[in-house]
Amino acid sequence: MEETEKELISRIKAGDMDAFEPLILPYQQKVYNIAFGILGNAEDADDAAQEAFLKVFRYIKSFNEQSQFYTWLYRIVHNVCLDMIRKRTKNPFGFLNKHWQNDEGDEMEVQLEDPGPLPDENFMREETQSEVRAAISKLKENYRTVIVLRDIEGLSYEEIAKILEISEGTVKSRINRARLSLKSILIEEFPELYE
């Protein structure tokens with residue numbers, strides 16, 4: 001029988017570090033995706049994911065288990081990404097020009113419906129997705145974070161609030177403002193999308 005997260009965490013806190021890998025394994029791709037969504041490139045996302053898991057390993061004994069493990073983990077990922085952004089000295093927002101990855105590790109674009117388009121439609125969709133990613137990269141960091149967590153990772157308002165340690169009302173407000181800002185950027189920079 002497979003152990004629960006709670007049992008794995010208890011084993012780790014008791015000193016059994018063999019329980020660490022089965023605890024984090026289900027979260028590896030999601031952590032990478034969140035880091036990639038915030039940071040915008042694969043190398044930084046890999047670094048952030050590794051740093052986040054190191055922090056989890058280092059501080060798991062202080063995890064009080066009053067929140068869910070994934071909420072605590074995602075908060076760590078978010079904070080690691082913010083630290084990386086703050087440390088950047090050149091062009092902190094000129095990115096998001098790569099593919100997203102799903103839980104199985106397959107590359108994918110920002111999710112748009114695919115009704116089986118023709119090759120020229122594929123080209124147009126890839127152009128649009130590239131423009132959307134470029135626009136997301138121009139959002140303020142707190143807006144970009146909520147867009148990634150909500151619209152790309154599909155987390156609930158409650159989960160985002162716990163991760164960012166803000167109220168659900170603030171999450172909803174930021175998402176609304178982020179979407180309005182994103183739309184403004186798209187209209188200004190890519191008016192052909194709205195013709």
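Residues numbered from 1 in each chain as written. Predicted model: local features only at pLDDT ≥ 70, side-chain atom pairs only at ≥ 80, totals over all residues. Heavy atoms only, no water.

Visitor: Give a description of the side chain of arginine 75 that names residues and reports values.
Guide: With respect to the element layout, arginine 75 can be found in helix α5 (residues 69-87). Given the relative accessible area of 15%, arginine 75 is considered buried. A polar contact of 3.3 Å, which involves the side chain of arginine 75, links it to the backbone oxygen of isoleucine 163. Ignoring any residue separated from it by four or fewer positions in sequence, one finds arginine 75 in contact with Lys162, Ile163 and Glu165. (Helix = DSSP H or I, 4+ residues; strand = E, 2+ residues; numbered from the N terminus. Buried < 20%, exposed > 50% of the residue type's maximum accessible area, 1.4 Å probe, protein only. Polar contact = N/O pair within 3.5 Å; in protein donor to acceptor, adjacent residues only side chain to side chain. Contact = heavy atoms within 4.5 Å.)

Visitor: Report on the packing of aromatic side chains, specifying residues and quantitative values.
Guide: For any two aromatic rings, the description comes down to two numbers: the centre-to-centre distance and the angle of the planes. Under the defined criterion, the tally for this structure stands at 8 aromatic pairs. Each ring, one from phenylalanine 69 and one from tryptophan 72, has its centre 6.0 Å from the other, and the planes form 50°; the classification is tilted. Taken as a pair, phenylalanine 69 and tryptophan 72 lie in helix α5 at a separation of 3 residues, close to a single helical turn. Among the residues examined, tryptophan 72 registers a relative accessible area of 13% and is labelled buried. (Phe/Tyr/Trp six-rings, centres within 6.5 Å; stacked < 30°, edge-to-face > 60°.)

Visitor: I'd like to hear about the packing of helix α4 (residues 42-59) against α5, residue by residue, with values.
Guide: One can describe the packing of α4 onto α5 by two numbers: an axis separation of 9 Å at closest approach and a directional angle of 130°. The orientation of α4 relative to α5 falls into the category oblique. Viewed along their axes, α4 and α5 form a crossing whose handedness is right-handed. Judged by residue contacts, Asp44, Asp47, Ala48, Glu51, Ala52, Phe53, Lys55, Val56 and Tyr59 of α4 engage Phe69, Trp72, Leu73, Ile76, Val77, Val80, Cys81 and Met84 from α5. Of the residues belonging to the contact of α4 with α5, the class tally is 13 nonpolar, no polar and 4 charged. (Axes fitted to C-alpha atoms, helices over the stretch in contact; angles between N-to-C directions. Parallel < 35°, antiparallel > 145°, perpendicular 65-115°, else oblique. Left-handed = near helix turned anticlockwise from the far one by under 90°. Nonpolar A, V, L, I, M, F, W, Y, C, P; charged D, E, K, R; others polar.)

Everything listed here is a matter of geometry and, on its own, says nothing about what the molecule does.
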